Amino acid sequence: MSCQPYETSPGQLGALLLAGAAAGSGSAKDVLVVDRQIAALGDRARSHPGARGARLVDLEGFVLLEAPAEPHAHLDKAFLAERVRNESGDLLGAIAAMAAAYPSISGDDITMRARRALGKAMARGYSAVRTHVDCNPLVGLSAIESLVGLRDELDGLITVQVVALMGRPITGRDGEASRRLLDAALERGVDVVGGAPALDPAPSEAIKVLVAAATGAGCPIDLHLDETTDETVMNLAVFAQEVDRHGLGGKAVASHCVSLGQQEERRAREIASLLAGAGIAVVTLPQTNLYLQGRGAPVRVPRGLTAIEILREQGAVVAGGGDNWRDPFNPLGRIDPFETASLLVSAGHMGIGDAYSAVSSLARQAMGLAPCSIEEGSQADILGIKAASLEEAVADASEERIVIKAGRIVSWTQVVQVAGH
Ligand SMILES: [Zn+2]
């Protein structure tokens, strides 16, 4: 298998004629890409003036999909699972393991692992990744510096959004150092304010501090909220109220929201309605939360998922992400949108089309990115994958993929199968 960035010169974008592939609907068509956009589809593609001199890319046997986006990753921790052990296997075990490991993790180490993860993300089709990055007195700004640097280095190949994941506490006198760090992280150019208020001694106050900071900086906000199956933990109503009060609707994300999935149905519906009304998108993270939550329950194990169906019914944007990629929070993770989509189908009971939307168009919406599609006039962020249909793509998750970002081939993975002996 070969898997490397495809060589093109920035600024010299040749036209591409993607020939013979099926679009999501299953009908065979050609797609002409000119100057970062889809210029023409089907019969019009070859007769379009922009097709003259276009590079022909034979994609017979492929399906073309709008490129996926990863709305919630932790690139600073990627690939640490074998070095940093989580003895208990739960959330607090993972947090404790990371705290003990910080002194042995340098900025170069973070950059190297994050670059490797982003390389895989590009090969698997992601056009954008939002990464939460630890920012606390133990690690200081070193992880932020690494990820901001990578974001800028890879500009044009993959969109990286850096979220300052503030440590706890962020409130009270003990939170002073973290609040100063947040100011410094914003100064350094992070894109989004983040944190985990449910772990703070004063969760409601923590939400207020973080929402106020995002508002002051003119940034979106994306919080880890209620990452527990304990139904008595519920901070979403306060978040909805604060987002509404500060006019952050459409720029706010509640990640995890696991305890929402443990509420009585009527209560879950009320909270889901508040989130939808406030313009808060929810990001569910099936693999990590199925791994971390529900331990210690040998029977009737609760699923670590939010109330996906009720949220969608109430009109909330629900996106799906991978969260941790092989670290103390989750030893697995192929860095693959089809892995997340597959889990949303089997564990979240979503239909295959809805599951793919959750890792593509709805993920983009949660991240504040412009929409894209396999339509004329759309920005050409395209994943081509060897499959006859979207259903087969999600189920089979072939490694044979071509990835186009803003009209440029950024990765092309070809598989050679040798038959016989
Ligand atoms: Zn997370």
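Residues numbered from 1 in each chain as written. Predicted model: local features only at pLDDT ≥ 70, side-chain atom pairs only at ≥ 80, totals over all residues.

Q: Before we move on, could you go through the overall build of the chain and cite the residues and values that matter?
A: Within the chain, the secondary structure is distributed over 14 helices and 17 strands. Its C-alpha atoms give the chain a radius of gyration of 21 Å, within 12% of the compact-globule value 22 Å for 421 residues. Each principal axis of the C-alpha distribution contributes one length, and for the chain these read about 65 × 55 × 45 Å. Expressed as a percentage of its 421 residues, the buried residues of the chain come to 54%. Across the chain, every contact between residues at least 6 apart in sequence was considered, and the portion connecting residues at least 24 apart equals 75%. (Helix = DSSP H or I, 4+ residues; strand = E, 2+ residues; numbered from the N terminus. Rg over C-alpha atoms; globule rule 2.2 N^0.38 Å. Buried ≥ 20, exposed ≤ 12 C-beta atoms within 10 Å, placed from the backbone. Contact = placed C-beta atoms within 7 Å.)

Q: Got a sec to walk through the environment of F329? Specific residues and values, please.
A: Positionally, F329 belongs in the loop between β14 (318-320) and α11 (337-346). C-beta crowding within 10 Å serves as the criterion here: with 30 such atoms nearby, F329 is assigned to the buried category. Spatially, the C-alpha atom of F329 lies 9.4 Å from that of A97, the residues being 232 residues apart in sequence. For F329, the contacting residues outside a window of four places in its chain are A94, T288, L292 and N324.

Q: Which residues make up the domain arrangement of the chain, and what are the values?
A: For the chain, the assigned domains read domain 1 (2-67 + 373-414) and domain 2 (69-366). For domain 1 versus domain 2, the separation of C-alpha centres amounts to 31 Å. Contact with domain 1, which involves 19 residues of that partner, is made by 19 residues of domain 2. Looking at the side of domain 1 that touches domain 2, the elements with two or more residues in it are β1 (2-5), β6 (62-66), α14 (390-396), β16 (401-405) and β17 (408-414). When residues of the side of domain 1 that touches domain 2 are assigned to their parent elements, the largest contribution, four residues, is made by α14. Taken together, the residues that form the side of domain 1 that touches domain 2 break down as twelve nonpolar, two polar and five charged. (Domains from an automatic or database assignment. Nonpolar A, V, L, I, M, F, W, Y, C, P; charged D, E, K, R; others polar.)

Q: Can you tell me about helix α2 (residues 91-101), naming the residues and giving the values?
A: Residues separated by three or four positions in an α-helix point in the same direction, a consequence of the helix having 3.6 residues per turn. For α2, every residue scored as buried is listed here: L91, A94, A97 and M98. In an axial view of α2, the angular spread of the buried residues amounts to 130°, which keeps them on one side of the axis. Among the structural elements, α9 (286-292) are those in contact with the buried residues of α2. (Arc of directions from axis to C-beta.)

Q: An account of the packing of helix α6 (residues 203-217) against helix α7 (residues 236-245) is needed here, citing residue identities and associated values.
A: Running from N to C, α6 and α7 point in directions that differ by 25°, and their axes come no closer than 10 Å. Relative to α7, the element α6 is oriented roughly parallel. In terms of crossing hand, the pair formed by α6 and α7 is right-handed. Along its contact with α6, which presents S204, I207, K208 and V211, the element α7 presents V238, F239, E242 and V243. Residues that form the contact of α6 with α7 fall into these classes: five nonpolar, one polar and two charged. (Axes fitted to C-alpha atoms, helices over the stretch in contact; angles between N-to-C directions. Parallel < 35°, antiparallel > 145°, perpendicular 65-115°, else oblique. Left-handed = near helix turned anticlockwise from the far one by under 90°.)

Q: Residues and numbers for the nonpolar core, please.
A: Ranked by size, the top nonpolar core spans 132 residues in total, and within it A164, L210, L275 and I280 carry the most contacts. Counting only domains with at least three residues in this core, you end up with domain 1 (2-67 + 373-414) and domain 2 (69-366). L210 has contacts with M166, I170, V193, G195, P197, I221 and L223, leaving out every residue within four places of it along the chain. Core analysis: the second largest hydrophobic core is formed by seven residues, A94, A97, Y291 and F329 among them. (Core = buried A, V, L, I, M, F, W, Y, C linked by C-beta atoms within 7 Å.)

Q: Provide a residue-level description of the confidence of the model for the chain, including the pertinent values.
A: Segments scoring low in pLDDT should not have their predicted coordinates read at a detailed level. Across the chain, the average pLDDT comes to 94, with 96% of residues at or above 70. In this model, residues 1-12 is a region of pLDDT below 50 whose contacts with residues beyond four sequence positions or in other chains number 17 contacts. (pLDDT = per-residue confidence, 0-100.)

Q: Go over the sheet that holds strand β12 (residues 252-256) with me, naming the residues and quoting the values.
A: Strand order in the open sheet made by the eight strands is β7-β8-β9-β10-β11-β12-β13-β14, with parallel pairing throughout. Looking along the sheet, the strands with just one partner apiece sit at the ends: β7 (69-73) and β14. Neighbour-to-neighbour, the strand axes of the sheet open up by a mean angle of 25°, direction not taken into account. The sheet strands contacting α6 are β9 (159-166), β10 (192-195) and β11 (221-225), and the helix crosses β10 at an angle near 170°. (Pairing = 2+ DSSP bridges.)

Q: Tell me about the pairing of β7, and name the residues and values.
A: Within β7, five of the five residues are buried, which leaves the element mostly enclosed by the surrounding structure. By the bridge criterion, three bridges tie β7 to strand β8 (residues 128-135) in an arrangement that is parallel. The residue bridging A73 from the neighbouring strand is T131, located in β8.

Q: Provide a residue-level description of the environment of D109, including the pertinent values.
A: Residue placement: D109 occurs in helix α3 (residues 107-124). Along the primary structure D109 and K77 are separated by 32 residues, whereas in three dimensions their C-alpha atoms are 9.8 Å apart.

Q: An account of the environment of L18 is requested, with residue identities and associated values reported.
A: When you line up the elements, L18 lands in strand β2 (residues 16-23). A tally of 28 C-beta atoms within 10 Å means that L18 is categorised as buried. Each C-alpha atom, one on L18 and one on V238, is 48 Å from the other, the two residues being 220 residues apart in sequence. Excluding its chain neighbours within four sequence positions, the residues that come into contact with L18 are D30, V31, V33, V57, L59, L64 and G384.

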